[in-house]
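Chains, contacts and geometry: an overview
Given next are the chains, with one letter for each unit.
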Amino acid sequence: MKKSDGKSSLERVKEALAAAKKYEAYNIFTKLNEKKALARAVEIDRRIAAGEEVGRLAGVPYALKDNFSDPDDLTMASVEMLKNYHAPVTATAVKRIEDEGAIMIGWTNMDAFAHGASTENSVFGVTLNSRDKTRVSGGSSGGSAVAVALDIVPFALGSDTGGSIRQPASYNGVFGMKPTFGAVSRYGVVAMASSTDTVGCLAQTAEDTRLVMSIMAGEDEKDHTTLPDFFDQPVETSKLRVGVIGDFMGEGVDTEVVGAVKDYIKKLEKAGHEVAEVSLPILKYALAVYYIVVPAEISSNLSRYDGIRYGYRAKDAKTLGEIYGRSRDEGFMPENKRRIMIGNFVLSSGFFDAYYLKAQKVRTLIIKAYEEAFEKYDVLVCPVAPGPAFKVGEHDDDILKLYLEDVMTTPPSLAGLPALAAPAGETKSGLTVGVQLIGPRGSDARLLQLAAEIEGAK
């Protein structure tokens, strides 16, 4: 983090807010936290001057994805359904970050309820790519990725269910970490799919990513899926066995993406690591499994939004049926409705065994395939996405092509594995390309240390 520049917390926050306003055309933030951020900066500076303990992130500005709960303001998840929602709790990840002195300057735009791969599916409109404003930022953590890429903040929090941190990180040339499932508490984060949701961050360097993840990680009594913190454990990366997933380096993958990943692999070899190609043919089924299992969980999680308990309620609805029907119709975005319908279908009587149960069996085979691969390799490598950032609106007429953007990020999510997106290079037109480092469960720190070692290599 840039803390050795001699600037006060107030100066850093003012600069971050000014940058956020400068890049307003990118539609990065749903709302700025200006008044509270400035007041917090003054308080942090007072504590520093008084010699008080202020934490490892004292005075560092950061951005927060719009689906993290904060009772001091709205938690909107970039959807009409929650546009006036005041959460009653603070997300554990947010509390831990702010306990270390970080200052949140604003909430970042995202795909509504985190459903999407482009941040086009937001009630606030699309967030534009940091390199090319005719292209998407990626999703669903697109706003967070662009905030970091444009140097507004050194890090931003995000959530990753099937690639929502890694893909926008790749599209904008920053680091993006999806941790081992359960490494970071999800308490206070608007739920998407309960068996694959993870909390991570996007940052400008691998070391900054490690620091933020180590602060957020660890057990939480409010989330019983959490694991002990393993980010600060010493790791050995002197000579690793690296497996390149050949299934994701051939047909259907942009040649410039393959070239950038191969350049990254050369750096791994130059650093002394053993590299070999590995075949995991079962992974070709992961996307189909993901778009059965995840919509099923989405349909269940979104059933709570009925216009009665909390969230949007349709005006002038006269009957209970109208309250339910119109509130959900007006409150959800098209992609939310699409996933609810798919989820209800695969869980319905007569189709549960044919789709949902079969998908879960294939998911188990994917997990076993990874386990077998990790008996031979310490780290697996592949692209983050088949191509660089695509044009805004390019997939509007073919939603399946949009879903295919997740083909390389969904397999680790289904298996609960840690996966890190690291910058690998650029295309001839200046678009960024990311490489994905995947490890066994609990190997998050090793992935980050490896990425840090390669980061400055030539």
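Every chain is numbered on its own, with residues counted from 1 as its sequence reads. Note on the predicted model: pLDDT of at least 70 is required for a residue's local features to be given, and 80 or more for side-chain atom pairs to be given and counted; whole-chain, interface and lining totals, by contrast, use all residues. With hydrogens and water set aside, each side-chain value is computed from the structure's full complement of heavy atoms.

1. Some details on helix α1 (residues 9–22)
Relative to the 20 Å expected for 14 residues at 1.5 Å per residue, α1 spans 20 Å between its end C-alpha atoms, a close match to the ideal helical length. Each residue gets one of three labels from its accessible area relative to the maximum for its type: buried under 20%, exposed over 50%, partly exposed in between, using a 1.4 Å probe on protein chains only. Each helix is a run of DSSP H or I of at least 4 residues and each strand a run of E of at least 2, with the numbering of both proceeding from the N terminus. Taken together, the buried positions of α1 are occupied by Ser9, Arg12, Val13, Ala16, Leu17, Ala19 and Ala20. The arc that holds every buried residue of α1, seen down its axis, measures 160°, which confines them to one face. Note on contacts: a residue pair qualifies if any of its non-hydrogen atoms lie within 4.5 Å across the two residues. Of the surrounding secondary structure, the elements contacted by the buried residues of α1 are β1 (29–32), α2 (34–49), β2 (61–65) and β3 (103–108). Helix span, as expected, comes to 1.5 Å for every residue beyond the first. In this description, the arc belongs to the directions extending from the helix axis to the C-beta atoms.

2. Regarding the pattern of salt bridges
One speaks of a salt bridge when a side-chain nitrogen belonging to Lys or Arg is within 4 Å of a carboxyl oxygen belonging to Asp or Glu. Per the stated rule, a full pass over the model turns up 23 salt bridges. Of the charged contacts, one joins Arg135 and Asp132 as a salt bridge, the two residues approaching to 3.2 Å between their closest N and O atoms. Exposure remark for Asp132: the relative accessible area of 22% places this residue in the partly exposed category. For the salt bridge of Arg339 with Glu335, the shortest nitrogen-to-oxygen distance reads 2.7 Å. In this pair, Arg339 and Glu335 both sit in helix α10 (residues 334–347), four residues apart, roughly one turn of the helix. Assessed through its relative accessible area of 3%, Arg339 is described here as buried. For Glu335, a relative accessible area of 4% gives the class buried. Shared partners join several salt bridges into a network, and the residues in it are Glu43, Arg46, Arg47 and Glu52.

3. Describing the state of the cysteines
Working definition: a disulfide is two cysteine sulfur atoms within 2.5 Å of each other. A complete count under the given rule lists zero disulfides for this structure. With no disulfide of its own, Cys201 lies 20 Å from the sulfur of Cys382, the closest cysteine sulfur. Exposure remark for Cys382: the relative accessible area of 1% places this residue in the buried category.

4. Overview of the nonpolar core
Grouping buried Ala, Val, Leu, Ile, Met, Phe, Trp, Tyr and Cys residues that are joined through side-chain atoms within 4.5 Å yields what is termed a nonpolar core. By size, the foremost hydrophobic cluster in this structure holds 110 residues, and its most contacted members are Ile97, Phe113, Phe155, Leu157, Met216, Tyr370 and Leu380. Counting 31 residues, the second-largest nonpolar core is a separate cluster that includes Tyr26, Ala37, Ala147 and Val174.

5. Side note on the packing of helix α8 (residues 286–301) against α10
Whenever a helix is involved, its axis is fitted only over the stretch in contact; in every case the axis is a line through C-alpha atoms, and angles between N-to-C directions fall within 0 to 180 degrees. At a minimum axis separation of 7 Å, α8 and α10 run at an interaxial angle of 100°. When the axis of α8 is compared with that of α10, the two are roughly perpendicular. The segment α8 lies against α10, with Tyr291, Ile292, Pro295, Ala296, Ile298 and Ser299 engaging Arg339, Ile340, Ile342, Gly343, Asn344, Val346 and Leu347. Classification convention: Asp, Glu, Lys, Arg as charged; Ala, Val, Leu, Ile, Met, Phe, Trp, Tyr, Cys, Pro as nonpolar; all other residues, Gly among them, as polar. Tallied by class, residues from the contact of α8 with α10 come to nine nonpolar, three polar and one charged. Any angle from 65 to 115 degrees is called roughly perpendicular, while one under 35 is roughly parallel, one over 145 is roughly antiparallel, and all others are oblique.

6. Quick word on the side chain of Ser130
Along the polypeptide, Ser130 turns up in the loop between β3 and α4 (142–149). Polar contacts here mean pairs of N or O atoms no more than 3.5 Å apart (in protein, one a potential hydrogen donor and the other a potential acceptor; neighbouring residues in sequence count only if both atoms are side-chain atoms). Polar side-chain contacts of Ser130 include one of 2.8 Å to the side chain of Asn172. Non-local contacts of Ser130, meaning those with residues more than four positions away in its chain, are made with Tyr26, Val146, Ala149, Leu150 and Asn172.

7. Here we look at the side chain of Asn301
Along the chain, Asn301 turns up in helix α8. A polar atom in the side chain of Asn301 sits 3.3 Å from the side chain of Ser194. Setting aside chain neighbours within four positions, we find Asn301 in contact with Ala191, Met192, Ala193 and Ser194.

8. A look at helix α7 (residues 255–270)
Between its terminal C-alpha atoms α7 stretches 22 Å, which fits the 22 Å expected from 16 residues at 1.5 Å a residue. By the burial criterion, the buried members of α7 are Val257, Val258, Ala260, Val261, Tyr264, Ile265 and Leu268. On an axial view of α7, the arc spanned by its buried residues comes to 165°, and they lie on one face. Turned more than 90 degrees from where α7 packs its buried face, Thr255, Lys266 and Lys270 sit exposed. In this fold, the buried residues of α7 make contact with β7 (241–245), β8 (274–278), β9 (379–383), β10 (419–426), β11 (432–438) and α14 (444–455). For α7, the side-chain oxygen to backbone nitrogen distance between the N-cap and Glu256 is 2.8 Å, and the N-cap itself is Asp254. Positive backbone phi, approximately 100°, marks Gly272, located one or two places after α7.

9. Describing the pairing of β9
Burial analysis of β9 places five of its five residues in the buried class, the great majority of the element. Alignment of β7 against β9, held across three bridges, turns out to be parallel. Along β9, the bridge assignment pairs Val244 with Val381. Being paired, for any two strands, means DSSP has found at least two bridges between them.

10. Here's the deal with the environment of Thr319
Relative to the assigned elements, Thr319 resides in the loop between α8 and α9 (320–331). Note on Thr319: relative accessible area 41%, which makes it partly exposed. Sequence separation of Thr319 and Glu219 is 100 residues, and the distance between their C-alpha atoms is 45 Å.

11. Considerations on unusual backbone geometry
Between Gly139 and Ser140 the backbone carries a cis peptide bond, its omega angle lying at 5°. At Phe113, a residue that is not glycine, the phi angle is positive and equals roughly 60°. Along the chain, Phe113 falls in the loop between β3 and α4. Accessibility expressed as a relative area gives 2% for Phe113, which makes it buried. Of note, Asp151 is a non-glycine position whose phi angle comes to about 65°, a positive value. The residue Asp151 is located in the loop between α4 and β4 (155–160) in this model.

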